[in-house]
Amino acid sequence: MTNSEDKPPPAVGAYWIKEEDYPALLQLFDDGDKMPPNWKEWLKMAEEMEQGLKAYGHVVLRVYIDPATFPDWCAAHGTSPGSTGRRKFVAAAVTERYGRQA
């Protein structure tokens, strides 16, 4: 008999941005004005979050956002290119890679 504490934590996704894409994505995201002003600050925050999740035992999937394709993905999935769109995009990538997790 196993209990839920025997199972590893579920895999999680984290949106990831390439340095050269950061300025374009800040313009694209409807909440870009709330994000760090430069990529190095964003990367520091993202890496700290990733390390924290890994410390709790999660597998972390980095999901890159491409400014050329993300708006079309959002439109096709009925979401905006902001925090909601990023969350849905990352969740879709995690489900595609790891399947539905309990």
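The shown structure was predicted, so the numbers you read here are calculated from the model rather than taken from an experiment. (Residues numbered from 1 in each chain as written. Predicted model: local features only at pLDDT ≥ 70, side-chain atom pairs only at ≥ 80, totals over all residues. Heavy atoms only, no water.)

Draft legend 1. Structural detail: the overall build of the chain. Summing up its helical and strand segments, the chain has four helices and two strands in all. For the chain, the α and β elements follow one another from N to C terminus as β-α-α-β-α-α. Projected onto the principal axes, the alpha-carbon positions of the chain cover approximately 50 × 30 × 20 Å. The buried share of the chain, taken over its 102 residues, is 31%. Within the chain, residue pairs in contact and separated by at least 24 positions form 63% of the contacts whose partners lie at least 6 positions apart. Surface summary for the chain: the accessible area is close to 6800 Å², and the carbon and sulfur share equals 53%. (Helix = DSSP H or I, 4+ residues; strand = E, 2+ residues; numbered from the N terminus. Buried < 20%, exposed > 50% of the residue type's maximum accessible area, 1.4 Å probe, protein only. Contact = heavy atoms within 4.5 Å. Areas by Shrake-Rupley, 256 points an atom, 1.4 Å probe, with all protein chains shown as cover.)

Draft legend 2. Layout of helix 4 (residues 83-98). The terminal C-alpha atoms of helix 4 lie 22 Å apart, and with 16 residues this matches the ideal 22 Å at 1.5 Å per residue to within 8%. Of the surrounding secondary structure, the elements contacted by the buried residues of helix 4 are strand 1 (12-16), strand 2 (60-64) and helix 3 (70-76). Immediately downstream of helix 4, the backbone of G99 shows phi near 75°, a positive value. (Expected span 1.5 Å × (residues − 1).)

Draft legend 3. Spatial organisation of the pattern of salt bridges. The final tally for this structure, using the stated rule, is four salt bridges. We note a salt bridge from R86 to D31, for which the minimum N-O separation is 2.8 Å. Of this pair, R86 sits in helix 4 while D31 sits in the loop between helix 1 (22-28) and helix 2 (39-55), and the two are 55 residues apart along the sequence. Given the relative accessible area of 6%, R86 is considered buried. With a shortest N-O distance of 2.8 Å, K44 and E48 are connected by a salt bridge. Of the two residues, K44 and E48 both sit in helix 2, four residues apart, roughly one turn of that helix. In this structure K44 comes out as exposed when scored by relative accessible area, which is 52%. (Salt bridge = Lys/Arg side-chain N within 4 Å of Asp/Glu carboxyl O.)

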